[in-house]
Amino acid sequence: MRLLITWLINTLALLAVPYLMHSVQFTSFGAALIAALVLGLVNTLIRPVLLLLTLPATLLTLGLFIFIINGLMFWLVSQLVSGFYVAGFWAAVGGAILYSIVSWALSTLLLKKN
């Protein structure tokens, strides 16, 4: 049940991003649901491998390269899911930052710690 609630919170966070940043768009609520699911899978499966492979660059930039990795994951999902559009790479980096902030805020407000 908690996994389903987290998925819906992430979907709401994704739906909030186009209101804050016009270079990210959704065509429907269904596209946002699928994008949230794919983003969760990409962040679970691909992101750790990329973080490990880019560890030297991350250390050299004192961790700022992680923003680039997050933007790449966000942009990758926009390429995989039809109905989810991101204008470019830097828009994906900004969208990933906004998505993280909104998702964190909604999770903090709506999910209780056990």
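Counting starts from 1 at the beginning of each chain's written sequence and moves along it residue by residue. Totals for whole chains, interfaces and linings use all residues, but because this is a predicted model, local features are given only for residues with pLDDT of at least 70 and pairs of side-chain atoms are given and counted only at 80 or more. To get the side-chain values, take all heavy atoms of the structure and skip hydrogens and water.

Under an unreviewed UniProt entry, the name given to the protein chain is Phage holin family protein, and the source organism is Collimonas pratensis.

A few words now on the packing of helix α1 (residues 2-20) against helix α2 (residues 29-45). Interaxial distance between α1 and α2 falls to 9 Å at its minimum, and their mutual angle equals 120°. Classified by the angle their axes make, α1 and α2 are oblique. Every pair of crossing elements has a handedness; the one defined by α1 and α2 is right-handed. Here W7, L8, N10, T11, L14 and L15 of α1 come into contact with α2, specifically with F29, A32, L33, A35, A36 and L37. Of the residues that constitute the contact of α1 with α2, the class distribution is 10 nonpolar, 2 polar and no charged. Lines fitted to C-alpha atoms define the axes, with helix axes restricted to the stretch in contact, and inter-axis angles between N-to-C directions lie between 0 and 180 degrees. Counting from the N terminus, the helices are the DSSP runs of H or I reaching at least four residues and the strands are the DSSP runs of E reaching at least two. We call two directions roughly parallel when the angle between them is under 35 degrees, roughly antiparallel when it is over 145, roughly perpendicular when it lies between 65 and 115, and oblique otherwise. By the definition used in this description, the sense in which the near helix is turned from the far one sets the handedness, with an anticlockwise turn below a right angle giving left-handed and a clockwise turn giving right-handed. In this analysis, two residues are considered to be in contact whenever any of their non-hydrogen atoms come within 4.5 Å of each other. Side-chain classes are defined by residue name, with Ala, Val, Leu, Ile, Met, Phe, Trp, Tyr, Cys and Pro counting as nonpolar, Asp, Glu, Lys and Arg as charged, and the others, Gly among them, as polar.

Below, the discussion takes up the nonpolar core. Of all hydrophobic cores here, the largest spans 24 residues; its most connected members are L14, F74, V77 and F84. At the level of secondary structure, the elements contributing two or more residues to this core comprise α1, β1 (24-26), α2, α5 (65-80), β2 (84-86) and α6 (89-110). With 7 residues, α2 is the single largest residue contributor to this core. If sequence neighbours within four positions are ignored, V77 has contacts with A35, V38, L39, V42 and F84. For the purposes of this section, nonpolar cores are sets of buried Ala, Val, Leu, Ile, Met, Phe, Trp, Tyr and Cys residues that join through side-chain atoms within 4.5 Å. A simple rule labels every residue: compare its accessible area, found with a 1.4 Å probe on the protein chains alone, to the largest value its type can have, and call it buried under 20%, exposed over 50%, or partly exposed in between.

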